Amino acid sequence: QVQLAESGGGLVQPGGSLRLSCAASGSIVSIYTMGWYRQAPGKQRELAATMSSGGTTNYADSVKGRFTISRDNAKNTVSLQMNNLKPEDTALYYCYANARYAPFRAPSDYWGQGTQVTVSS
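One structure accompanies this document, and this report is about it. (Residues numbered from 1 in each chain as written. Predicted model: local features only at pLDDT ≥ 70, side-chain atom pairs only at ≥ 80, totals over all residues. Heavy atoms only, no water.)

## A short note on the environment of R105
Thought 1: Looking at where R105 falls in the secondary structure, it is placed in the loop between strand 9 (91-100) and strand 10 (108-111).
Thought 2: Along the chain, R105 and S62 lie 43 residues apart, while their C-alpha atoms are 35 Å from each other.
Thought 3: In this structure the side chain of R105 is engaged in a polar contact, spanning 3.4 Å, whose partner is the side chain of Y101. (Helix = DSSP H or I, 4+ residues; strand = E, 2+ residues; numbered from the N terminus. Polar contact = N/O pair within 3.5 Å; in protein donor to acceptor, adjacent residues only side chain to side chain.)

## Quick word on the sheet that holds strand 1 (residues 2-7)
Thought 1: Sheet architecture is open: four strands sit in the order 1-3-8-7, paired in antiparallel fashion. Every other strand in the sheet has two partners, leaving strand 1 and strand 7 (67-72) as the edge strands with one partner each. This sheet shows a mean twist of 15° between the axes of neighbouring strands, independent of strand direction.
Thought 2: Relative to strand 8 (residues 77-82), strand 7 runs antiparallel, the two sharing six bridges. Along strand 8, the bridge assignment pairs S70 with S79. (Pairing = 2+ DSSP bridges. Axes fitted to C-alpha atoms, helices over the stretch in contact; angles between N-to-C directions.)

## Here's the deal with the state of the cysteines
Thought 1: According to the stated counting rule, one finds one disulfide in the structure shown.
Thought 2: Note that C22 is cross-linked by a disulfide to C95, the S-S spacing being 2.0 Å. A torsion of -85° about the S-S bond marks the disulfide between C22 and C95 as left-handed. Residue C22 is located in strand 3 (residues 18-26), and its partner C95 is located in strand 9; the two are separated by 73 residues in the primary sequence.
Thought 3: We classify C22 as buried; its relative accessible area is 2%. (Disulfide = S-S within 2.5 Å. Buried < 20%, exposed > 50% of the residue type's maximum accessible area, 1.4 Å probe, protein only.)

## A few points about the pattern of salt bridges
Thought 1: The tally for this structure, following the rule as stated, stands at four salt bridges.
Thought 2: When the shortest N-O distance is used, the salt bridge between E46 and R38 registers 2.9 Å.
Thought 3: Linking D61 and K64 is a salt bridge whose minimum nitrogen-to-oxygen distance equals 3.1 Å.
Thought 4: Of the residues examined, D61 reaches a relative accessible area of 65% and is grouped as exposed.
Thought 5: Ionic contacts of the salt-bridge type, sharing partners, join the residues R38, E46, R66 and D89 into one network. (Salt bridge = Lys/Arg side-chain N within 4 Å of Asp/Glu carboxyl O.)

## A word on the pairing of strand 1
Regular strands show a simple pattern: their side chains alternate between the two faces of the sheet.
Thought 1: Burial along strand 1 is one-sided: V2, L4 and E6 are buried, while Q3, A5 and S7, pointing the other way, are not.
Thought 2: Alignment of strand 1 against strand 3, held across six bridges, turns out to be antiparallel. Counted as the bridge partner of V2 is G26 from strand 3.

The values are spatial; any link to function lies outside them.
This is the structure we're talking about:
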């Protein structure tokens, strides 16, 4: 079906920057929404940022002005540039895609394994 592979997490000091990348592979007919969710310890998974195939973006209020999502539809990739990182951004970041893997099949949600982002001095 569809596999998502993330890269780019790590440890960064407050105020620093990181860039996350995700590549989709497999039997892909179409990818609709693609983006990033995050889950901090003891909390539920939440939206960070997503982008539709047409370029419409959706950001969590907490990351607006600091995170920028970008997408390459031809390469089936999505990236998240994270600037001015704060300790509260510490979380496991999951790549997400709503995609169709075969004609006449309804789109399904797919998730990556997650990449850890830790913001600490």
